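Chain and residue survey
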Amino acid sequence: MAWLTKSRFMAGRQCAKRLWFEVNDPLEAHAADSMPLRQGRAFDEFVRALWPGRVIARGRGMPAAIAETSRVFAAGGAPVLHQAAVRHGDFAVIADVLRRDRGESQLIEVKASTSVKPEHLPDAAFQALVMRSAQVAVDRVLLGHVNNQFTLERAGEFDGLLVEADLTPQVEALLPTLGEQAVALHRVMALRAAPDVAMGPQCHSPYDCPFIERCARGAAPADLSTHRDERVRAGAVFLDRGAAAELREAPYPHSFLDFETIALAVPEVVGTRPYEQLPFQWSLHVEQASGEVSHGEYLAIEAFGDFDALASALLEVVPAQGSVFAYNAGFEARALALLARLCPAHATRLHALAARLIDLLPITRRAYYHPRMQGSWSLKAVIPTIAPDLAYGELADVRDGEGAQLAFLDLREGRVDGSRRAALTKAMLDYCRQDTWSLVQLARFLSAAA
Ligand code: SF4
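Quick caveat: nothing in here was measured; it's all calculated off a predicted structure. (Residues numbered from 1 in each chain as written. Predicted model: local features only at pLDDT ≥ 70, side-chain atom pairs only at ≥ 80, totals over all residues.)

Before going further, it helps to examine the site of the ligand. As a matter of local geometry, the ligand sits amid 13 residues, with Cys15, Arg18, Cys203, Cys209 and Cys215 nearest to it. Elements that contribute at least two residues to the shell around the ligand include exactly α2 (16-24) and α7 (212-216). The element that contributes the greatest number of residues to the shell around the ligand is α2, accounting for three residues. Partitioning the shell around the ligand into residue classes produces nine nonpolar, two polar and two charged. (Near = placed C-beta within 6 Å. Helix = DSSP H or I, 4+ residues; strand = E, 2+ residues; numbered from the N terminus. Nonpolar A, V, L, I, M, F, W, Y, C, P; charged D, E, K, R; others polar.)

This part is about the nonpolar core. Across soluble globular proteins, nonpolar side chains show a tendency to be buried alongside one another. Core analysis: the largest hydrophobic core is formed by 64 residues, its most contacted members being Val93, Ala128 and Met131. If you count residues domain by domain, this core takes at least three from each of domain 1 (4-214) and domain 2 (229-450). Those residues in contact with alanine 128, other than ones at most four positions away along the chain, are Leu107, Val138, Val141, Val171 and Leu175. Of all hydrophobic cores here, the second largest spans 40 residues; its members include Ala244, Leu247, Trp282 and Leu339. (Core = buried A, V, L, I, M, F, W, Y, C linked by C-beta atoms within 7 Å. Buried ≥ 20, exposed ≤ 12 C-beta atoms within 10 Å, placed from the backbone. Domains from an automatic or database assignment. Contact = placed C-beta atoms within 7 Å.)

Let us now look at the domain arrangement of the chain. Domain annotation of the chain identifies domain 1 (4-214) and domain 2 (229-450). Relative placement of domain 1 and domain 2: their C-alpha centres are 37 Å apart. The element that contributes the greatest number of residues to the side of domain 1 that touches domain 2 is helix α3 (residues 35-50), accounting for six residues. Split by residue class, the side of domain 1 that touches domain 2 holds ten nonpolar, five polar and four charged.

Bringing the sheet that holds strand β12 (residues 323-326) into the picture now. Across the sheet, which stays open at both edges, the five strands sit in the order β11-β10-β9-β12-β13 with mixed pairing between neighbours. For this open sheet the edge positions go to β11 (293-299) and β13 (357-359), each flanked by a neighbour on one side alone. The average undirected angle you get between the axes of adjacent strands in this sheet is 30 degrees. (Pairing = 2+ DSSP bridges. Axes fitted to C-alpha atoms, helices over the stretch in contact; angles between N-to-C directions.)

So, on to the environment of alanine 2. Relative to the helices and strands, alanine 2 resides in the segment before β1 (4-5). Alanine 2 sits in the partly exposed class, given 13 other C-beta atoms within 10 Å. The sequence separation of alanine 2 and alanine 190 amounts to 188 residues, and the corresponding C-alpha distance is 8.6 Å. Once residues within four sequence positions are removed from consideration, alanine 2 is found in contact with Val23 and Met189.

Now for unusual backbone geometry. The step from serine 205 to proline 206 runs through a cis peptide bond, and the omega angle for that step is 5 degrees. With respect to the element layout, proline 206 can be found in the loop between α6 (168-189) and α7. A cis amide bond, omega -5 degrees, links tyrosine 252 with the succeeding residue proline 253. Following the sequence through the fold, proline 253 ends up in the loop between α9 (245-249) and β9 (254-263). Although it is not a glycine, glutamine 83 adopts a positive phi angle of roughly 65 degrees. Of the residues examined, glutamine 83 has 19 C-beta atoms within 10 Å and is grouped as partly exposed. One non-glycine residue, arginine 102, adopts positive backbone phi at about 45 degrees. Its location among the elements puts arginine 102 in the loop between β4 (91-101) and β5 (104-110). Using a count of 5 C-beta atoms within 10 Å as the deciding quantity, one classes arginine 102 as exposed.

Shown next as structure tokens:
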């Protein structure tokens, strides 16, 4: 019978069906990757460098890791032990860090989050339960997380980036009932068929369940009848010719701007904080009153962190006059404000550029709805209804902002080379260019309607 690991325990707490799927009918192995996973790995590596110690190898599977951990314990343990794997009966866990500190045995769960979240408590408590059941001393349970008030003042100096929160009292309070819950979840794993659980809020809380597509298959299409927007409920095409009138008055040239940014758990650039949205790419389309359109773009991989170069290149091509459009323009405004902070020499011009921003999102919300948008005004929902040839699904490799961030990291960390590197770079440029070209099409569509 499979073991109840920490990730299965947490999956089961979210939804018994999810746990059953994970054990009995998992998704096809695929290179699932996401920014939270990458951020978590980066923070784990940072903690290992911060607290050097013995590291239990993970690559040969759980039984081998458990055997290696037992040998370390039999030899007297280690002041700092990373990835200790411990089993008790049907339960097995891997502890991020076991540390001896002034005679105390500490279990430290490492999370790349910026605060203690409710789901961290059962997560840490299950580890403490299994450790103690296996006769591994745990006097204190801590959560090591990111301090988002930290600023990297000097390259390589990370004092203060890690915060240790003491979870011991909350974990002790959970332990008396946790064992029973773990036994019940282990039984779920052995059921012959998936338990009957209807989709609901648990599908997204505390994590997005990976089986949403499977559970939603065959389910009724999304019911929009209670949507707060009357036009969505009506389910018909809506176009308000007056609502987009301000577009006709927006002075030319019309610039269309989009930034791609990355949020790093462990800051790399002096002067930045964890999880700040740092620009690495922009695309700009400029449309003259004559209808003539030009395009400029910038992508920093090796040069990431040279914000002066990124800002200078933008200021060189963006017209000094006219309107600057973006979609959900607060994002572009924040990127420009951050660039102004990091590049004081360009601050005045960057602030002036931000002051010219016009947000196409609220204009579109007021002026337009198509039932195929399914209640969403995201650019990727709107564009296919007005320009079917611009469907984002047709793009190779990079189809959304997270895809651009993962591609950026793959390139920056040297995970791809040769022709794959060139293809991924092109995909990033194509994606960002499509975003601003979509804005050109959207503005034209709304202006024509106005
Ligand atoms: S999608 Fe929802 S109902 Fe289905 S397994 Fe996941 S959490 Fe459970």
